[in-house]
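One letter stands for each residue in the lines below.
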Amino acid sequence: MRKSFQLNQFIKKNTYLLILIFVPTIYSQEYSVGIKAGASYSFNDNGSEVIRNGVQYSAESNLGYQGGGFLEINLGRWLVRPEVFLNKARGEFEFAESTSVYSLEKLSVPLLLGYKIYEPLDIYAGPAYQFILNKEMENTSTLLSDDHSNFATQAGFKVSLNRFEIDLRYDFTFPSEDFQRINFNGDPNQSYFDEGRLNQLMFSLNYKLFGSDIQPGRRGGNCY
């Protein structure tokens, strides 16, 4: 409990520091503010598994979604891009008795550092802090344990087309060692759930609401 409190205090202090850094920087550099929405596709790279009636099952890939907002600050050919978005990852377990979907809903807060390759194309990477909002397994009577937060790293590229952006990235969430007993409906035997983590390939369409680099009728995206 003390470690969790210290971690939250550390995050709050560094959040305030980032605000103090970014606010004056916005007024001296090109910037844009926008919204994003899209889909995600999960990968079970970290071993999310269920042992049920002596048989081990691994989570199969499934579709999820994302949606939120971003701030981008351009520093010549470099960019700094904090984001906040709601993200739902899903994995499917195909048991002999039935099929159950494991879903994880979280608020992702990445801080990305990017570089402009050429006029419309940027690449980027950075850490992401994830607040766990909800997680559940279908067809169970057990509430999954809540670890509140975890860390990830994201990397990808985006293409700017005036106010629009096409964004594709990979989200790698650091593995979890959470292991718990769960009860499936109609099954007298206890099962065991090793949460692992679901990594994701994330696609989004972004739209710049306003910013210093947006001009009516302009074509070709950002100008560096």
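Asker: Would you explain unusual backbone geometry in this entry?
Answerer: Glycine aside, residues mostly have negative phi angles, and peptide bonds mostly take the trans form. Look at Asn53: it is not a glycine, yet its phi comes out positive at around 50°. If you trace the backbone, Asn53 turns up in the loop between strand E2 (49-52) and strand E3 (55-58). Overall, Asn53 belongs to the partly exposed group, its relative accessible area being 37%.

Asker: So what exactly am I meant to see when it comes to the nonpolar core here?
Answerer: A general feature of soluble globular proteins is that nonpolar side chains tend to end up buried together. Core analysis: the largest hydrophobic core is formed by 15 residues, its most contacted members being Val50, Phe93, Tyr102, Met137 and Phe193. Elements with a minimum of two residues in this core: strand E6 (78-94), strand E7 (99-118) and strand E8 (121-137). Residues within four places of Val50 in sequence aside, it is in contact with Val55, Gln56, Tyr57, Phe93, Phe95, Met137, Phe184, Ser191, Tyr192 and Phe193.

Asker: Mind showing me how you'd approach the environment of Val101 here?
Answerer: With respect to the helices and strands, Val101 occurs in strand E7. For the pair Val101 and Asn139, spaced 38 residues apart in sequence, the C-alpha separation works out to 8.6 Å.

Asker: I tried to follow the sheet that holds E3 on my own but got confused; where do I start?
Answerer: Within a beta sheet, neighbouring strands are joined by backbone hydrogen bonds and run either parallel or antiparallel to one another. Spatially, the four strands line up as an open sheet ordered E3-E2-E12-E11, and their pairing is antiparallel. The two strands at the open ends of the sheet, each matched to only one other strand, are E3 and strand E11 (179-182). On average, each strand axis in the sheet is tilted by 20° relative to the strand beside it, whichever way the strands run. In terms of strand pairing, E2 meets E3 through four bridges, oriented antiparallel.

Asker: Before we go on, may I ask you to explain the confidence of the model for the chain in this structure?
Answerer: Low-pLDDT portions of the prediction should not be read for the details of their coordinates. Of all residues in the chain, 81% have pLDDT values of 70 or greater, and the mean over the chain is 82. At the level of individual helices and strands, the chain shows its lowest average pLDDT in helix H1 (residues 2-28), which scores 51, and its highest in strand E10 (residues 164-173), which scores 96. Contacts of residues 1-7 to residues separated by more than four positions or lying in other chains number two contacts, the stretch itself having pLDDT below 50. In the predicted structure, residues 218-224 sits below a pLDDT of 50 and forms 25 contacts with residues beyond four places in sequence or in another chain.

Rules used throughout
- All residue numbers refer to position in the chain's written sequence, counted from 1.
- Given that this is a predicted model, residues contribute local features only at a pLDDT of at least 70 and side-chain atom pairs are listed and counted only at 80 or more, while totals for whole chains, interfaces and linings are drawn from all residues.
- The side-chain values count all of the structure's non-hydrogen atoms but skip hydrogen atoms and water molecules.
- In this description a helix means any DSSP run of H or I spanning at least four residues, a strand means any run of E spanning at least two, and both kinds are numbered starting from the N terminus.
- Relative accessibility thresholds used throughout: buried, under 20% of the residue-type maximum; exposed, over 50%; partly exposed, between the two (1.4 Å probe, protein chains only).
- Only buried residues count toward a nonpolar core. Its members are Ala, Val, Leu, Ile, Met, Phe, Trp, Tyr and Cys residues joined through side-chain atoms within 4.5 Å.
- Note on definitions: a residue-residue contact is assigned when non-hydrogen atoms from the two residues lie within 4.5 Å.
- A strand pair is defined by DSSP finding two or more bridges across the two strands.
- Axis definition: a line fitted to C-alpha atoms, limited for helices to the stretch in contact. Angles are taken between N-to-C directions and run from 0 to 180 degrees.
- Residue-level confidence of the predictor is what pLDDT reports, using numbers from 0 through 100.

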